[in-house]
Amino acid sequence: MDGRALVKLAPVILRLILPFALVCLAAAETTPVEFSRDVEPIFRTRCQGCHGAKQQMSGLRLDRGEDAMRGGYSGAVIVPRKSADSRLIQMVAGAVEGRIMPPAGEKLSAAEIGVLRAWIDQGAVWPAGSTVAATVVRPKSSHWSLQPIQRPAIPAVRTAAWVRNPIDAFILERLESEKIAPAPEADKNTLLRRLSLDLIGLPPTPAEVAAFLADKSSDAYERAVDRLMASPHYGEKWARHWLDQARYADSDGYEKDSRRPHAWRYRQWVIDAFNRDMPFDQFTVEQIAGDLLPGATIEQRVATGFHRNTLTNREGGVNINQFRFEQLVDRAAAVGTVWLGLTVGCAQCHDHKYDPISQKDFYQLFAFFNNAEEVNIEAPMAGEQGPYLRARNDYYRERRKLLDEYKVTELQPEWERKMIAAADTPGKWTDLDVAFDTVQKMVDGGEKILRTPPAQRTRHQQDAITDHMVRWYSQVSGDEKFKELKFKELRKKLADLEAAFPDLSQAQTLAESPEHQPTYLRVRGDWRQNGVEVHPNTPAVLPALTAAGEANRLTLARWIVGRDNPLMARVAVNRMWQELFGQGLVATSEDFGTQGARPSHPQLLDWLAGDFMDGGWGMKRMVKRMVMSAAYRQSSAARHELDARDPNNTLIARQSAFRLPAELIRDSVLSASGLLYPAIGGKSVQPPLPEAVVKLAFGNNDWVTWKETTGPERYRRGMYITYQRTIPYPVLANFDAPDAGAPSCRRQRSNTPLQALNLLNDPVFVEAAQALAERTLREAPADSKDRIAYAFELCLARKPAPAETDRLLGYFERQKSILAAEPESATKLYPVEPEKVTRVEAAAWVGLSRVLLNLDEFLTRE
Amino acid sequence: MTLAEYAGMQTRRDFFRSCAGGIGTIALSQLMAAESAPAVNPLAAKAAHFPGKAKNVIFLFMAGAPSQMDLFDPKPELMKWNGKSLPPSRTKDLKLAFIKPTATLMGSPRIFKPYGQSGMELSDYIPHVASCADDICLVRSMYSDAFNHHPGESLLMTGSPLSGRPTMGAWACYGLGSEAQNLPGFVVLSSGTGTSAGSNNWSSGFLPSTYQGVPFRSSGEPILYVANPAGVSVETQRASLDAMRDLNQQHYQQTGNQEITSRIAAYELAFRMQASSPGLIDFSKESPATIEMYGINREASRAYGTNCLLARRMVERGVRFVMLAHSSWDDHENLTKHLKTNCDITDQPAAALIKDLKQRGMLDSTLVVWGGEFGRTPMTQMNRPDQADNAGRDHHPNGYSMWLAGGGIRGGQVIGKTDDLGLEVAEEKVHVHDLQATILHAMGLDHKRLTYRHMGRDFRLTDVEGNVVRKMLG
């Protein structure tokens, strides 16, 4: 029933079962054995398929004496003169519960095992010369993505007039070979809406549409592109795609799911980087290792917040070492997915099943992150420093006053002594054990702070430990004393005080620790089972790390952006393509390994990758190239004649129509209705969320609170909604926003009834329908048809066709008659007294607005 | 006209005929075709891998980890050790969350006696469930790898201690679709204080969100956003949907984008959900005996009893997987008092569910599972040494109990044993992955074949482990 026991509880069970298991081992041969005659043939015929020159599963090779004696990832397998203690014998004898080598085919016979035992017991002599001659070679792979990037020639095509830039030549060459003509160019309305949604994530306004339609000049399209790419909303749109990959969220995850009040500062960095058009190599280096750059600036350190988006478990009783291990696994796997497009995380427990990534490769990558510490730094935004410095003394005077008044100043030294005593003598005071555990979980670096004399702590350290004591003092005092001290009241006063004074923004970053941490491979991926020691290095199948000096995160980052790395440029341009065409040239944009899809246009992919590098890694330049192409400008209307031949549009014989991502649905609704508050960047906001959703959080929201944002900030774009991992905001969860547990390189696009309910009935969207009605009544001419046309254009960036106007007019009349019979409904739908029309009519416009905001076309980028 | 009347009066085909003013015949036929095409409704019922008895699952999820040696697994030997510490030789390999290995042992103050023909020994705190002893299969040899709540719950529900994988209910709907016409395939009901893993317990992970668990409430608005907004009557909602459908249809004729027909179908299903969900929570047609049986008239068991009755009603309507999360059983302190409270809340309704399903002939096709993410230690956790009744127990993944009933499970049997002190499983170990494999098997799904390709790998509920526990099945 259970083949897992040894794996997960190995040391325990090994000791328990081995004495019994070994009873059934075949007895050792007693006559002398000769290696080349007796032993080597067994290794050759039965073992070397998996543990030989071609592959070394679990790091073991049995074709060379030196390697065989060194053993595998879990250590030595041959203990000379002690065959019963040798893992090799235990494995072939099946003495390890549920596992036997070889795992398939015939077992070793008792005689063969006897030979191996005798050889070991006689000293395990591996004579020189019987070793297969071998030189150390880096493994090679013929897999397409691991080959150097070629610079293919731009192909010649017959219909050269269609070609606007080299992209088109590659697309058209393929289409012509299939005897398919490209789709016609989309109409101007569609083009502008497409560009607008793709580049800034917002629909165009009627004025922008009118200007674009009126502009008959030959470069009208290009100027629209330039205008949109210069908009600060460009950074927001592209940052959101990047934040999916960075697994960005505003909370820790896991049980308590504590808020991360400084997470946004990394998001701010990403938005700024896109808006400033930071070259992709620099963008990469700063996120992986910004803190290690010579003279690192605050912004470069903020960039390392990429690594801080990993989940944190503050659950009581969690083993700190285990979760540090999980975090490092996540960091190594994330870098592999995001920049290499490889599922290196699959090699956490064993050599990758399909790709040439060994378990050792994984832990070598992991080793780059093993020396890093989590550090929160002050990262002020422009304008914060002055007010902060002016107010700082007053703030601390007030804070001190409160701490004195509530006896915190008096009680804290004793409390700290108790915590240190608990740390030093675990098990002695069971109540203090729990309290100390809580310090370790809830305060980053809590024990270190406690052991630092108060005078030497930073203000953030001192404040954090004091605030923690106020929050958790009942663990030490008991509930009655806690109530008597009124620390709950104090907590609120301290929070109010903090909110009332200007502060400096902070950021979550990584910093290299001065103390070197050795890294061990973990046998079967189990954090408790150290295997062999490994050192930072890059996967063997990829070009070697060439930089001189110590291998650290910075050398890793520079290797990743190096021109010899065949993966990063391909991976990056493919994801841009995916955002602009609905799917990548490699459809599995997260996996360029052997299990991923093959590129539909390999030459185009390479040409783009080369062009990206030659163009100085300019992201805006690359995006512009793509949107300027004729391929991009094609109509997205279905071509049913191609349904059978090209059901997924891999030939790009048209553009693709696809449902907007979750955040953009909200943004479009807010934008069309005029509610959108367009400020760029800054902290996360909390728009209205039904209480029932908050209640599903752990402890009925003792931990997670949702303080509704008031004022215009509640109408900010979807990307600024606080992402609370355990209670994702409904519109995000319903429309396939990723759960931020791991990098997400492409989103699902499901189509469900819950989405319909969300858009129809969520008060946020009903309010938007009311606003759209009010806006239409205020801004459009008084004629019903004109009003319909105006609202329609606000939503869909085009004028309605006559049949559409008729249908909407029919609906409008029907609404009026329903509402005339339900005057109280009309009041609820339009709560304020309308100016130009009757209440019933105004309410019917709300209904009509709601219809428009739910249309498939509204939710779709065509 | 009420929404329910609308939905009741018209079949979908009639509905399209009578409202088809704006749609041409081609469009209508496309719509009807779309309705039957599997691509349009990913929740359409699908064939199992092999015939399975369990058509539906009700998972009574006891979040926080109930204490097995006070409910299911009597340990007379433990009484002899009461107040003493174990020799280090027996504790050196234990993983403990809060307490230290020197913590003293605590015998259970509960009284166990045999129940039913099977003579299953159960605690005096669960007399109702005990009266179903012959219908339940008690597993005393469960073990888990995770000893903290979030990872433990995640392992139980998704097969992995890390966030981001699909949950059991999502896998079931992915594998089998759903028979429910007007409800989601996977529904979640909650009571108590909220679970550690939150939405990770019902997430669809990397599966399409179609398969996600939908939280459902027993009062007010049963499903989030299922009620019309203020001022939107049924007539308005219907007229609005008609207009959307016609306009979507016109646009479909322009663009030929198949997703539009899916969108129309999704909006119609949403409308039917609006019509049927209020009826689901209306118990007026249930007999007083049924209400009484579930403990809905008793303050302590009202909320949980309501959820259990709702679960039965959902299964009647074809919902594939219902999860009832009750939290929390995480009794690090005041174990005796808290355990009594939780048993008062859950014991009677859980037993009523089994009896009610049985009397309606639904137990054979409905698998009921009861249990939490791990168990509790034989050792005492004493956070307030000055208060004797403060004693609790710490997390214990090495040996704990769960039970299953119905859906092809053979009742009246006990599987596995823990050692004399309940420290480790002594016989017939059942890992969480084995339980998952068995649940899927009962549903006619081979846990090794139910896979989904993601990030270059075929994922499954049981990760790379799991063996079906044949002995559980009838």
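Since the structure is predicted, the reported quantities are computational estimates derived from the model, not experimental observations.

Draft legend 1. Region of the structure containing the overall build of chain A. Check the secondary structure of chain A and you find 39 helices and six strands. Along the first, second and third principal axes, the C-alpha set of chain A runs to 110 × 85 × 55 Å. Counting across all 862 residues of chain A, residues that qualify as buried make up 49%. Taking the intrachain contacts of chain A between residues at least 6 apart in sequence as the baseline, contacts between residues at least 24 apart amount to 69%.

Draft legend 2. Geometry of the overall build of chain B. Per the secondary structure count, chain B includes 14 helices and 17 strands. Against the 2.2 N^0.38 benchmark of 23 Å for 474 residues, chain B shows a C-alpha radius of gyration of 24 Å, consistent with a compact globule. Along the first, second and third principal axes, the C-alpha set of chain B runs to 80 × 55 × 40 Å. For chain B, buried positions account for 62% of its 474 residues. The contacts in chain B between residues at least 6 apart in sequence include a share of 77% that link residues at least 24 apart.

Draft legend 3. Spatial organisation of the interface of chain B and chain A. On the chain A side, the residues contacting the 76 residues of chain B number 90 residues. Of all elements in the fold, only α7 (149-158), β6 (214-216), α9 (234-255) and α10 (259-280) of chain B reach the threshold of two or more residues within the side of chain B that touches chain A. Looking at the side of chain B that touches chain A residue by residue, the classes come out as 27 nonpolar, 35 polar and 14 charged.

Draft legend 4. Representation of unusual backbone geometry. Between A:Met101 and A:Pro102 the backbone carries a cis peptide bond, its omega angle lying at -10 degrees. On the secondary structure map, A:Pro102 appears in the loop between α4 (87-92) and α5 (110-121). The omega torsion across B:Ser327 and B:Ser328 is 5 degrees, close enough to zero to call that bond cis. Along the chain, B:Ser328 falls in the loop between β7 (321-327) and α13 (335-359). The phi torsion at A:Ala740 lies on the positive side, around 65 degrees, for a residue other than glycine. Locating A:Ala740 in the fold gives a position in the loop between α32 (730-734) and α33 (753-761).

Draft legend 5. Just the domain arrangement of chain A, in detail. Along its sequence, chain A is organised into domain 1 (5-121), domain 2 (279-379 + 510-560), domain 3 (385-504), domain 4 (660-751) and domain 5 (763-861). A C-alpha centroid distance of 55 Å is found between domain 3 of chain A and domain 5 of chain A.

Draft legend 6. Here's a closer look at the domain arrangement of chain B. Residues and elements named next belong to chain B. Along its sequence, chain B is carved into domain 1 (1-36 + 227-280) and domain 2 (52-219 + 289-472). Put simply, the middle of domain 1 and the middle of domain 2, counted by C-alpha atoms, are 40 Å apart. At the interface, five residues of domain 1 touch six residues of domain 2. Counted by class, the side of domain 1 that touches domain 2 contains three nonpolar, one polar and one charged residues.

Draft legend 7. Up close: the environment of A:Ala289. All names here are of chain A. Among the structural elements, Ala-289 can be located in helix α12 (residues 280-289). Residues Ala-289 and Thr-555, spaced 266 residues apart in sequence, show a C-alpha to C-alpha distance of 8.7 Å. If sequence neighbours within four positions are ignored, Ala-289 has contacts with Arg-553, Leu-554, Leu-556 and Ala-557.

Draft legend 8. Structural context of the packing of helix α9 (residues 220-230) of chain A against helix α28 (residues 619-628) of chain A. All names here are of chain A. For the pair α9 and α28, interaxial distance at closest approach is 11 Å and the crossing angle is 145 degrees. Pair α9 / α28 crosses with right-handed handedness. Residue-level contacts link Glu-222, Val-225 and Met-229 of α9 to Lys-620, Lys-624, Val-627 and Met-628 of α28. Residues belonging to the contact of α9 with α28 are distributed by class as follows: four nonpolar, no polar and three charged.

Draft legend 9. Inspection of the environment of B:Glu268 at higher detail. Residues and elements named next belong to chain B. Structurally, Glu-268 can be placed in helix α10. We classify Glu-268 as partly exposed; it has 19 C-beta atoms within 10 Å. In this structure, the C-alpha to C-alpha distance between Glu-268 and Asn-228, residues 40 residues apart in sequence, is 14 Å.

Draft legend 10. Structural view of the nonpolar core. One finds A:Leu853 and B:Val322 to be the most contacted residues of the largest nonpolar core, which totals 318 residues. With eleven residues, α10(B) is the single largest residue contributor to this core. Discounting residues that sit within four places of it in the chain, B:Val322 has contacts with B:Ile58, B:Val187, B:Leu189, B:Ala311, B:Met314 and B:Val315. If you look at the next biggest cluster of nonpolar residues, it comprises 23 residues, including A:Val77, A:Ala93, A:Leu108 and A:Ala124.

The rules we used
Residues numbered from 1 in each chain as written. Chains lettered and ligands numbered in written order. Predicted model: local features only at pLDDT ≥ 70, side-chain atom pairs only at ≥ 80, totals over all residues. Helix = DSSP H or I, 4+ residues; strand = E, 2+ residues; numbered from the N terminus. Buried ≥ 20, exposed ≤ 12 C-beta atoms within 10 Å, placed from the backbone. Contact = placed C-beta atoms within 7 Å. Rg over C-alpha atoms; globule rule 2.2 N^0.38 Å. Nonpolar A, V, L, I, M, F, W, Y, C, P; charged D, E, K, R; others polar. Domains from an automatic or database assignment. Axes fitted to C-alpha atoms, helices over the stretch in contact; angles between N-to-C directions. Left-handed = near helix turned anticlockwise from the far one by under 90°. Core = buried A, V, L, I, M, F, W, Y, C linked by C-beta atoms within 7 Å.

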